[in-house]
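Given next are the chains, with one letter for each unit.
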Amino acid sequence: MIEKKKIRVLLVEDDEDDYILTKYIFDEFKDTGYELDWTMSYDDALKDMIATAHDIYLVDYRLGANNGLDLLQKAISGGCHSPIILLTGQGDKEVDYLAMKAGAADYLVKGEFEAPLLVWAIRYSLRQAQSMERLLHEALHDSLTGLPNRTKFSEILADALKKAKRKSSARFAVLFLDLDRFKVINDSLGHLIGDKLLVESSKRLSGCLRPYDVVARFGGDEFVIFISDAESESLILEIGDRIQREISAPFKIDGHEIFSSASIGVTLYDEDYNLPEDIIRDADSAMYQAKTEGKARCKLFQKSMHVSNVNLLQVENDLRRAIEKQEFEVYYQPIIDLETRQITEFESLIRWQHPQNGITSPCEFIPLAEETGLIIPIGRWVLEESCRQIKIWEENLLSENPLSISVNLSAKQLMNSEVIQNLKEIIRITGIKPHRLKLEITESMIMDNAELALQILSDLCDLGVRISSDDFGTGYSSLSYIHKFPFHRLKIDRSFISKMDIDEKSEEIVRTIILLAKNLGMDTVAEGIETEAQLQRLCELGCDFGQGFLFSRPLPVEEIENLMRNEISKIENLQWCSMKNLQTLELQNLQ
């Protein structure tokens, strides 16, 4: 039979008579599993309580020159986890209140309690302590993986910082890790598989570390690792490589073989750090740099990364202000019918009229807008403004032909739950005919969640909107996906057009794309036409439309209107000349 462990109780009491009285009470229930110790020393009691050497403490309020309330407060602030019951005298109700406020588990009035009440108070306090301990553990640990969470990790890091400040030779490092492509796995295989992948990843990470290192789940698919005694940069990078190897090995989960990798950012402690969040921030910055450079790698933080992040934050703030102050402008690049050489449509391209930096190219702010979600309101504004403008040009008869507008749609816009409703509203407000609106989608946008993308594109087609595959031929699965999605047009990437004059393979690729589109009933647009030779060859190959600097660079509304007026004047002059020549010929025949 296993002997039940006794509950160890320490009485802190400077009056021996009170100790004897308390011992007598304990003797009444000595068979119930309690073991009473006694100390008269304030200092010894404090050491014992900070070490949590006993399961529960009974502390007399009056301890000679000291008092039990002060001892209670110092013990709790020192890390005592066991419950403390304060023993007070009659008339000390104010002390009782202060004791409970300071963290006492309970209070008893000496001379007014007997064995049953004392047993109840001890058991109640212990149950409360166990409940609090459980709640504290839940508050500081991730429920899925059982790892310490962000709050606990910050506490560990704060303690390490304090020690490092006291001991100059102390060295540690923080690794910030993000599982690459986790969202794709989660969305395609389901959240249950995603959760199991996180659990298995946490086990592998723990197995890569020494017993005194700590791995925590920071949130989502992000983990943070504390490496103590980080003797050198090479040691940390070696640990990073070990983690990469473990995470890159295939996971077998519920019959699925899953391949993953990790982007890791590393911060090494130096004396300039004062706050845990600054260390984590810099490790996070290094991790994003690793992702930018191609994922599945480990990057050491450099101070230039922080400068870059500060600049990005400034751009983000400026972007938010730009939306409110309407600092954006749409430029339009003509798309030419290569048979008639007339403007039939435009591609809309956003520009930012920055109050300090002037005209800002989209490549400088669109990636950040994507990351922050600001692309949703910005993209909606571009769509509405473009449709409104094309309708104005149609009504003002600035073109002999009906005009269409091509608008780039970002991944976040396409996957936004309100994309269909937003487009319906824009079509209603602007009055544009749906088939005059062409949405340009890049292949990489839709392959991460192909099934959802197919449903959304089909819904867009049901509205009457036309879909273009932008930058066709540059993705990794063009031929396998082109028949699956409802595209009306292929846009040939400028990288092929620019090399047509000097690279036979590029010309053959262009020829193949044009032939493929014709066989599938789609039309083609060549991007980036800059020379007459390129234009001539594209016409010979049967390309339908083209755009590029040979015709016009992207222009603001006023300059586009001048361009169209000039085109109309040229056409009218040609028509007048033709009519004049015809009249002259008829007159000659009559004579």
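Residues numbered from 1 in each chain as written. Predicted model: local features only at pLDDT ≥ 70, side-chain atom pairs only at ≥ 80, totals over all residues. Heavy atoms only, no water.

1. A few points about the sheet that holds strand E6 (residues 84–88)
Rules: Following DSSP output, two strands are said to pair if at least two bridges run between them. Numbering of helices and strands runs from the N terminus, with a helix taken as a DSSP run of H or I at least four residues long and a strand as a DSSP run of E at least two residues long. For every element, the axis is a line fit to its C-alpha atoms; helices are fit only across the contacting stretch, and the angle between N-to-C directions ranges from 0 to 180 degrees. Contacts between residues were defined by any pair of non-hydrogen atoms, one from each residue, lying within 4.5 Å.
As summarised here, the arrangement of the 5 strands in space is E2-E1-E3-E6-E7, forming an open sheet in which the pairing is parallel. Each edge of the open sheet is held by one strand with a lone partner, namely strand E2 (34–39) and strand E7 (106–109). On average, each strand axis in the sheet is tilted by 20° relative to the strand beside it, whichever way the strands run. Both strand E1 (residues 7–12) and strand E3 (residues 56–60) contribute to a ladder of 4 bridges, which runs parallel. Bridge pairing links Leu10 to Tyr57 in E3. Sheet contacts for helix H3 (residues 68–77): E1, E3 and E6; angle to E6, the most-contacted strand, approximately 170°.

2. A short note on empty space enclosed by the protein
Our working rule: Buriedness of a pocket was judged along seven lines, with at least five required to meet protein on both sides within 12 Å; pockets are open sets of points on a 1 Å grid over the protein atoms alone, cavities are sets where a 1.4 Å probe fits but cannot get out, and lining residues have an atom within 4 Å of a point. Grid points are joined across faces, edges and corners, and a volume is the space filled by probe spheres set on the points. The residue classification treats Ala, Val, Leu, Ile, Met, Phe, Trp, Tyr, Cys and Pro as nonpolar and Asp, Glu, Lys and Arg as charged. All others, Gly included, are polar.
For the coordinates displayed, the defined rule picks out 2 cavities of 30 Å³ or more. Considered as a void within the structure, the largest cavity measures approximately 110 Å³ in volume. Lining the largest cavity are Ile376, Gly379, Arg380, Leu383, Leu409, Gln413, Asn416, Val419, Asn422 and Leu423. Listing elements by their share of the lining of the largest cavity, those giving two or more residues are helix H13 (375–395) and helix H15 (419–430). The residue inventory of the lining of the largest cavity, partitioned by class, reads 5 nonpolar, 4 polar and 1 charged.

3. Describing the side chain of Asp48
The cut-off we apply is this: When a residue's accessible area, from a 1.4 Å probe over protein chains only, is under 20% of the maximum for its type it is buried; when over 50% it is exposed; and in between it is partly exposed. For this count, His and the chain ends are skipped, Lys and Arg are scored as positive, and Asp and Glu as negative. Salt bridge, as applied in this entry: a Lys or Arg side-chain nitrogen positioned within 4 Å of an Asp or Glu carboxyl oxygen.
In this fold, Asp48 is placed in helix H2 (residues 42–50). The side chain of Asp48 sits in the buried core without any salt bridge; Arg8 is the nearest counter-charge, 6.1 Å away. Apart from residues lying up to four places away in sequence, Asp48 is in contact with Leu10, Ala53, His54 and Tyr57.

4. Focus on the packing of aromatic side chains
Spelled out, the test is: A pair of aromatic rings is counted whenever rings of Phe, Tyr or Trp (Trp by its six-membered ring) have centres within 6.5 Å, and the orientation is called stacked for planes under 30 degrees apart, edge-to-face for over 60 and tilted otherwise. In this analysis the charged atom, NZ for Lys or CZ for Arg, is taken to sit over a ring once it is within 6 Å of the ring centre and within 35 degrees of the ring normal.
Taken as a whole, this structure holds 14 aromatic pairs when the rule is applied. Plain terms: the ring middles of Phe172 and Tyr269 are 4.9 Å apart, the flat faces sit at 25° to each other, and that makes the pair stacked. Placement of the pair is Phe172 in strand E8 (residues 172–179) and Tyr269 in the loop between strand E13 (262–268) and helix H10 (276–292), with a sequence separation of 97 residues. Judged by its relative accessible area of 4%, Phe172 is buried. Ring geometry for Phe176 versus Phe218: centroids 5.3 Å apart, planes at 70°, classification edge-to-face. Taken together, the positions of Phe176 in strand E8 and Phe218 in strand E9 (residues 214–219) put the pair 42 residues apart, joining distant regions of the chain. Of the two residues, Phe176 and Phe218, both sit in the buried class. Members of the aromatic cluster, connected to one another through ring pairs, are Phe328, Trp352, Phe365 and Trp381. Against the face of Phe218 rests Arg150, its NZ or CZ located 4.0 Å from the ring centre.

5. Focus on unusual backbone geometry
The phi dihedral of Asp254 is positive, around 50°, even though this residue is not glycine. With respect to the helices, strands and loops of the structure, Asp254 is situated in the loop between strand E11 (251–253) and strand E12 (256–258). Under the relative-accessibility criterion, Asp254 is labelled partly exposed at 49%. In this structure, Lys295 is a non-glycine residue whose phi angle is positive, near 70°. Mapped onto the fold, Lys295 is located in the loop between H10 and strand E14 (298–300).

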